[in-house]
Amino acid sequence: MTIIKKDRRRLLKKLATTTASLPFLSQLPSLGAAEMPRKRFITMFTPNGTIPEEFFPSGGMNNFTLNKILKPLEPIRDELLIMKGLNNKIPLPGDGHQRGMGGLWTAAHLTNGDTVSGGNPAAGGVDWASNISIDQYVANQIGNDTRFKSLEYGVKCGSPDVWKRMCYKGKNQPLEPEMNPIAAFDRLYANGAPQTSGGTADDQQARSIRLASVLDGVLGDFNRMRSYLSAEDKVKLERHAEAVRDLEKAIEVPELGMECDIPTKPGTLNLNSDANIPALGKIFLDLMVSAFACDQAAVGSMQWSYSVGNNRMPFIGVNSGHHGMSHEPDNNQEVKNKLIKMNTWYAEQFLYLVQQLKATPDPAGGGSLLDNTYVIWGNELGKGNSHTRNNIPFVSAGSAQGYFKTGRFMTYNGLNHSRLLTTIAKAYGGNVDGFGDYTEGDIPNLRA
C-alpha cells in the first residue's frame, strides 16, 4: 500500500502524539520515506498568430540562434524545446480562429450549434470542441490526489464562446478560466491561511467536516439514482457528481507544511484595463507556482486574452488593438514592429514563469519544480493575416522528469499537431496511439 504525501504527513503527525518512535517510523519504506516528486504540467496561450520569421530560430537542432521574439528566452536556452512546422488540421465547421482555439489543446473538430455564428455556412454555427483538452487529460492522470485537479487562470479572456475558451473536461464541456486574482487567491488559501476572518483552524476544519458529510450524502443519492436513468442522463449525472467531488476537495483545509509560503493576498485591480495586464498576469503566474510548491495542484493553464482578442499594450507603447493589427499585410512594417513587440512581451512572461519554477524547490525534494514540470506555450494561428493553422508556434520548457530532451529546435514538415498532444499524453502515463480526432501516434524524437 502506498500512502500519498498528505496522508503520510497526517499519519506521522498523529503518531507523533502517541509514540516516541516517530524517527524510526518515518523511515519505513511503506510510509513513503523515498517519495518520488510528482510530475506537473502547464499550458500557456497567446492569441492571433505570430510573425514567423521573427519567432522561430535560425540554424539547426542544437546550434540555433534565437530571433527577436524569443530572444528573451536566452537565459533558459538549455531548458527549451522549440517546434516548427506543426499544423492544426481539424476540419470544418468553424472559421480559422474558432478551429484554431477549439482545436489547439483538443485536436478535435467543433460541434455544430448556435452558440457562435461563423461556422460552416451549410451547417450553421458552432458550439464547442468535441474532445477533452490535453491539460485535463493530464489532470485525470496526475491530479486526482491533489486538492485541486487543475487550475485555470486567464487575463481578459472575455465571455464564454469557442473563441475564448481553451480547456475542456470533455465534449462540449469548456472550463472557465479564473480572471479575478482575489477569487483565485481565496480559493487556494482562504481556508489554509493563518488568522483568516472565518475563525480558527479548528472552526474551519469542523465546518469542512460538516459540509463534507452533506456532500457524501448527495453522492450517495446520486449513486442510488443511477439504475433509474437513461444512458444520456447518467452522463449528465456523472458530470454533476464530478462537480460535487471537486467541491468536496476544495473545502478541505489544506495541510500546507513548513516548506510552503502563503503569498500575500492581491489587492483590487480593474480586470478590464489593458494597463493592468502585466500586474494581473504576474499575480496568476505567482499563484500557480505557489500552488505547485504547496502541493495543492499539479496541472495549470494560463490564458492571455483570447482568439480575436483586441487588447492593447500601453505599457510597452502599443496602443493599437492586437487582432486588428494581426490582419494587416506583411508590407506594413510599422504594424509588424508592434506585433513583434507584443509577442516579445509574451515571451518575457513565459520566461518569468519558467524562471519562477526553476527557482522554487520541489516540496517532495528532487530539485526544482521545473525539473518535474513540462510547460508548453501555443497559439491558435500560425499567422494572423492569413488565418492559417499551419506552422503553429510551439515553445516548451522543462523535461517532465527527463521525458523530453531540451535545448533543441525541432523542425517538421506539416506534421499534425495532434502528435505533439499524443506525446504529452504519453509523458504523463497515457496509453494512447493518438489524441482528439487522430490516431497518428506521437513524435518519438521529442523524447530524451
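Residues numbered from 1 in each chain as written. Predicted model: local features only at pLDDT ≥ 70, side-chain atom pairs only at ≥ 80, totals over all residues. Heavy atoms only, no water.

(A) Just the pattern of salt bridges, in detail. Summed over all chains, the structure comprises 17 salt bridges. The residue Arg-38 makes a salt bridge to Asp-295 at a minimum N-O spacing of 2.8 Å. Residue Arg-38 is found in the loop between helix 2 (22-25) and strand 1 (40-45), and its partner Asp-295 is found in the loop between helix 9 (277-293) and strand 8 (299-304); the two are separated by 257 residues along the sequence. In this structure Arg-38 comes out as buried when scored by relative accessible area, which is 17%. A residue is classified by how much of its surface remains accessible, and Asp-295, at 16% relative accessible area, is buried. As a salt-bridge pair, Asp-295 and Arg-40 come within 3.5 Å of each other at their nearest N and O atoms. Linking Asp-295 in the loop between helix 9 and strand 8 with Arg-40 in strand 1, this pair joins segments that are 255 residues apart in sequence. Of the two residues examined, Asp-295 and Arg-40, each falls in the buried class. Overlapping salt bridges, with partners in common, bring together Arg-38, Arg-40, Asp-145, Asp-295 and Asp-362 in one network. (Salt bridge = Lys/Arg side-chain N within 4 Å of Asp/Glu carboxyl O. Helix = DSSP H or I, 4+ residues; strand = E, 2+ residues; numbered from the N terminus. Buried < 20%, exposed > 50% of the residue type's maximum accessible area, 1.4 Å probe, protein only.)

(B) Examining the nonpolar core more closely. Residues Leu-70 and Phe-350 are the most contacted members of the largest nonpolar core, which totals 59 residues. Sort the elements by how many residues they give to this core and helix 11 (residues 333-359) lands first, with twelve residues. In this view, Leu-70 contacts Glu-54, Phe-55, Ile-82, Ala-347, Trp-377 and Val-395; residues no more than four positions away in its chain are not counted. Residues Leu-81, Val-138, Ile-376 and Phe-435 belong to the second largest nonpolar core, which totals 41 residues. (Core = buried A, V, L, I, M, F, W, Y, C linked by side-chain atoms within 4.5 Å. Contact = heavy atoms within 4.5 Å.)

(C) Region of the structure containing the environment of Leu-351. Mapped onto the fold, Leu-351 is located in helix 11. With 281 residues separating them in the primary sequence, Leu-351 and Leu-70 have C-alpha atoms 9.5 Å apart. Filtering out sequence-adjacent residues up to four positions away, Leu-351 remains in contact with Pro-72, Leu-73 and Ile-76.

(D) Region of interest: unusual backbone geometry. A cis amide bond links Leu-92 to the next residue, Pro-93, at an omega of 10 degrees. In this structure, Pro-93 sits in the loop between strand 4 (80-87) and helix 4 (96-104). Despite not being glycine, Asn-48 shows a phi value in the positive range, around 70 degrees. Relative to the helices and strands, Asn-48 resides in the loop between strand 1 and helix 3 (52-55). Of the residues examined, Asn-48 reaches a relative accessible area of 2% and is grouped as buried.

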